[in-house]
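This is what each chain is made of:
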Amino acid sequence: MRSERIRHLALVVWTSIGALVLAWALIRMAAAVKIIWLPMAFAFGLVFLLEPAVKRLADRGVPRLVGSIIALLGLTALIAAIFALVYPTVRDQTLEFVLRLPDLFAGFVDWLRDIGLRVGFDIDQYLSSDSWEAWLADPANQQTIRSILFGFGAGAGFLIRGVTEVVVIVGLAPVLAVYVLMDLTKFQSNAIALTPAAHREEVAHVGGEVGTAMGSFVRGQLLVAAIVGLLSSIGMWAIGLPFWLLVGIISGLLNMIPFLGPIVGGALAFVVALLNGDPWLGVWAVLIYTGIQQIDNNIITPVVQRARVNLSPFAIIIALIVGGSVAGLLGVLVAVPVTAAIRIVAGHLWRTRILGQSWQEAADAMIEVTPPPDRLT
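Each value, and the rule that gives it
Residues numbered from 1 in each chain as written. Predicted model: local features only at pLDDT ≥ 70, side-chain atom pairs only at ≥ 80, totals over all residues. Heavy atoms only, no water. Salt bridge = Lys/Arg side-chain N within 4 Å of Asp/Glu carboxyl O. Helix = DSSP H or I, 4+ residues; strand = E, 2+ residues; numbered from the N terminus. Buried < 20%, exposed > 50% of the residue type's maximum accessible area, 1.4 Å probe, protein only. Core = buried A, V, L, I, M, F, W, Y, C linked by side-chain atoms within 4.5 Å. Contact = heavy atoms within 4.5 Å. Axes fitted to C-alpha atoms, helices over the stretch in contact; angles between N-to-C directions. Parallel < 35°, antiparallel > 145°, perpendicular 65-115°, else oblique. Nonpolar A, V, L, I, M, F, W, Y, C, P; charged D, E, K, R; others polar.

Notes on the pattern of salt bridges
Logical step 1: Counted by the stated rule, this structure contains 3 salt bridges.
Logical step 2: A salt bridge links Glu51 to Arg64; the nearest nitrogen and oxygen atoms lie 2.8 Å apart. With a gap of 13 residues between them, Glu51 in helix α2 (residues 37-59) and Arg64 in helix α3 (residues 64-118) connect regions that are remote in the sequence. Here Glu51 matches Arg64 in class, with each residue buried.
Logical step 3: The salt bridge involving Asp59 is made with Lys55; its shortest N-O contact spans 3.6 Å. Highlighted residues: Asp59 and Lys55, both in helix α2, separated by 4 residues, approximately one helical turn.
Logical step 4: On the basis of relative accessible area, Lys55 is assigned to the partly exposed category, the value being 45%.

Here is the structure:
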């Protein structure tokens, strides 16, 4: 019995080492063609988002190609309707911000001056023209300015590349998504057929668990981001914060990255309030965002994301850091669902191969399923 456990442990250790080596090789290979991964990530995001609608249409006899196009057009129409609804306010607030920027900066300087006088520190000596001339005459500061200017040149190239990538994503991702949605059932059948017959049922089971968790994450994260953006906009409008809709939209978009939306939104709202010369308004904004974060963590996310992988906040933060360092923005976006998929597969193998549990027991330990609202007690 002991030798059998040692053999199982050795198998797990060597399998893990092999998996790490394979992952390293795949990362090196992926870096050579990295321009394609961002469109593919967005394409698979669309697949997870639209597959339930396409499946319902297919169950009603609609061909998957037609159903995929209908679902994509429906999503496009929804985005266009939301854009048409918020665009006038966003445009007006953006123009107002540009026009008020000098006054906002002057108000911020006055606020700093008042704080400095209260603590016996005069900041005017650093704001006078003589101080700026002396600062500019310093060779070290001149070198800093030159570095910044050269950085703008490099930044222009980075911006052009970024715009090109956006164009590629917008044009290519929907096309890839339609092709994947059209042949998704065929892809699944072929993948199962390529596995040994003795393990096909198990592979189908684990693949279904991974698909359920990742689909729930993608759809749930988008819905949660929309709810957080709406709550943020309403909250900032209620307290009279300038540019409330811009702050709310930014909060909602950043909420697609776990933990980031309410934190950045609260900080941004506080800065806007300071620039407007009203620090108490900033305090109210931070309190509102703290409440939104608590509502999101304890009510919205558990209800919206019914099937969730049990990842601790520590694991999520580490995954975001590693994903960002390895693949930048793409890594941050896919870090959590990829970590969830790895945890499901690794946990299944450990519980079924080492602990001897059944598939259902392993699945229950990996995925937390929240019952519908009418069953909550």
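Digging into the nonpolar core
It is characteristic of soluble globular proteins that their nonpolar side chains tend to be buried jointly.
Logical step 1: Residues Met236, Leu241, Val247, Ala269, Val272 and Tyr289 are the most contacted members of the largest nonpolar core, which totals 15 residues.
Logical step 2: For this core, the secondary-structure elements that each account for two or more residues are α8 (200-238), α10 (260-275) and α11 (279-304).
Logical step 3: With 5 residues, α11 is the largest single contributor of residues to this core.
Logical step 4: Once you skip the residues sitting within four places of it in the chain, Ala269 turns out to touch Met236, Leu241, Val247, Ala285 and Tyr289.
Logical step 5: Ranked by size, the runner-up nonpolar core spans 12 residues in total, among them Val47, Leu50, Leu72 and Ala177.

Quick notes on the side chain of Asn255
Logical step 1: Note on placement: Asn255 falls in the loop between α9 (244-254) and α10.
Logical step 2: The contacts of Asn255, once residues within four sequence positions are left out, are Gln221, Val224, Ala225, Val228, Gly261, Pro262 and Asp296.

Quick word on unusual backbone geometry
Logical step 1: Positive phi, close to 60 degrees, is recorded for Phe243, a residue that is not glycine.
Logical step 2: Here Phe243 is to be found in the loop between α8 and α9.

Here's the deal with the packing of α2 against α8
Logical step 1: One way to put it is that α2 packs onto α8 with a least axis distance of 9 Å and a crossing angle of 95 degrees. Put simply, α2 runs roughly perpendicular to α8. Counting all contacts with α2, which are made through Gly45, Phe48, Leu49 and Pro52, the residues of α8 involved are Gly211, Met214, Gly215, Val218, Arg219 and Leu222.
Logical step 2: When grouped by side-chain class, the residues that make up the contact of α2 with α8 number 6 nonpolar, 3 polar and 1 charged.

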